[in-house]
Amino acid sequence: MKDRITIEGRAGAFGAYIARPKALPAPAVVVLHEVFGVNADIRKTCDELAEQGFIGVAPDLFWRQEPGVDLSVTSEPDWQHGLRLYQAYDRDAGAKDVKDTATIVAKLPECVGRVAVLGYCLGGLMTFLTAVRYGVDAAVVYHGGDTEKYLDELNGFDAPLLMHLGEEDEFIPKAAQAEIKTALASKPNATVYSYPGQSHAFARHNGAHYNAAAAALANGRTSEFLHRQLGTPSARTAVLPS
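Residues numbered from 1 in each chain as written. Predicted model: local features only at pLDDT ≥ 70, side-chain atom pairs only at ≥ 80, totals over all residues. Heavy atoms only, no water.

Asker: Tell me about the overall build of the protein chain, and name the residues and values.
Answerer: Across its full length, the protein chain holds 7 helices and 8 strands. In summary, the protein chain has a C-alpha radius of gyration of 17 Å against a globular reference of 18 Å for 242 residues, a match within 12%. The principal-axis extents of the C-alpha atoms in the protein chain amount to approximately 40 × 40 × 35 Å. Across the 242 residues of the protein chain, 54% fall into the buried class. (Helix = DSSP H or I, 4+ residues; strand = E, 2+ residues; numbered from the N terminus. Rg over C-alpha atoms; globule rule 2.2 N^0.38 Å. Buried < 20%, exposed > 50% of the residue type's maximum accessible area, 1.4 Å probe, protein only.)

So, in structure tokens, the structure goes:
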């Protein structure tokens, strides 16, 4: 299938959804899913990135447990299914999978070699872990749960990082948010944005707490960040003197 590729990782092969922009070669963004797997929302996110000029690639993080997970965000049984997968997920092995994905995508003939990682919830945490442990060209974290548990790994980390936090996130307490902001304040390439009144997954398509205005603001910041960090033509054009 044109929209699927196989990632030959160090620990085994797993699938990934891919969306390609009209103009190639291009930089890429590896998109990391929530507990719902590579579902319609994640595929749509990749498609939107392709419309912005990036190759969007979403690897199957749950391939060791249950390959091909594609759950609905509005189904209670699917929520419970996803939570079981989340609780059993090996984060250390997963970070290596993400790094393998980024390395392989960078070498695709249609990629210019620059790759960012972007993730939501579980995927946000995995974006953070991959960035601090293995390095990436740029990282975007949307409401990464449990990030505060890994802040001691920030030593030596200096990659460009953009993080979005909903101030009323029910899964990331305000104390944890404060820890994250304090830890990242000393990192010159890290930017954390807070969104007042917003709950978990406020920027996710079809989310129960989706807020169009806050999502547009966060996604606009993400787009500008990715264009700037990955050096796309649109970003270079934007800074030319008038």
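Asker: Go over the sheet that holds strand β3 (residues 26–32) with me, naming the residues and quoting the values.
Answerer: Reading across from one edge, β1-β2-β4-β3-β5-β6-β7-β8 is the order of the 8 strands in this open sheet, with mixed pairing throughout. Each having just a single partner strand, β1 (4–9) and β8 (190–195) make up the two edges of the open sheet. Direction aside, the axes of adjacent strands within the sheet are offset by 25° on average. Looking at chain direction, strand β5 (residues 111–120) and strand β6 (residues 138–142) are connected through 5 bridges and run parallel. Along β6, the bridge assignment pairs G119 with V141. Against the sheet, helix α3 (residues 91–106) touches β1, β2 (12–19), β3, β4 (55–59) and β5, its axis set at about 150° to β5. With respect to the sheet, helix α6 (residues 212–230) is in contact with β3, β5, β6, β7 (161–166) and β8, its orientation differing from that of β6 by roughly 170°. (Pairing = 2+ DSSP bridges. Axes fitted to C-alpha atoms, helices over the stretch in contact; angles between N-to-C directions. Contact = heavy atoms within 4.5 Å.)

Asker: Quick rundown of the state of the cysteines? Include the residues and the values.
Answerer: What the rule picks out here adds up to 0 disulfides. The thiol of C121 is not disulfide-bonded; the next cysteine sulfur, from C46, is found 17 Å away. For C121, a relative accessible area of 15% gives the class buried. (Disulfide = S-S within 2.5 Å.)

Asker: Please provide a residue-by-residue account of α6, values included.
Answerer: The terminal C-alpha atoms of α6, which comprises 19 residues, lie 26 Å apart, in line with the 27 Å expected from a rise of 1.5 Å per residue. Near the N-terminus of α6, the side chain that reaches the backbone nitrogen of A213, with its oxygen 3.2 Å away, is that of N211. (Expected span 1.5 Å × (residues − 1). Polar contact = N/O pair within 3.5 Å; in protein donor to acceptor, adjacent residues only side chain to side chain.)

Asker: Give a detailed account of the packing of aromatic side chains, specifying residues and quantitative values.
Answerer: If you walk through the whole model with that rule in mind, you get 5 aromatic pairs. Plain terms: the ring middles of Y120 and Y142 are 4.6 Å apart, the flat faces sit at 25° to each other, and that makes the pair stacked. Residue Y120 is found in strand β5, and its partner Y142 is found in strand β6; the two are separated by 22 residues along the sequence. The residues Y120 and Y142 share a single accessibility class, namely buried. Positioned above the aromatic ring of Y193, the side-chain terminus of R221 is 3.7 Å from the ring centre. (Phe/Tyr/Trp six-rings, centres within 6.5 Å; stacked < 30°, edge-to-face > 60°. Lys NZ or Arg CZ within 6 Å of the ring centre and 35° of its normal.)

Asker: If you had to explain the packing of α3 against helix α4 (residues 122–134) to someone new, which residues and values would you point to?
Answerer: For the pair α3 and α4, the least separation of the axes is 9 Å and the interaxial angle reads 75°. The angle between α3 and α4 places the two elements in the roughly perpendicular class. Only L125, M126, L129, T130, R133 and Y134 of α4 make contact with α3, whose side of the interface consists of R91, D92, G94, A95, K96, V98 and K99. Here the residues of the contact of α3 with α4 are counted per class, giving 6 nonpolar, 2 polar and 5 charged. (Parallel < 35°, antiparallel > 145°, perpendicular 65-115°, else oblique. Nonpolar A, V, L, I, M, F, W, Y, C, P; charged D, E, K, R; others polar.)

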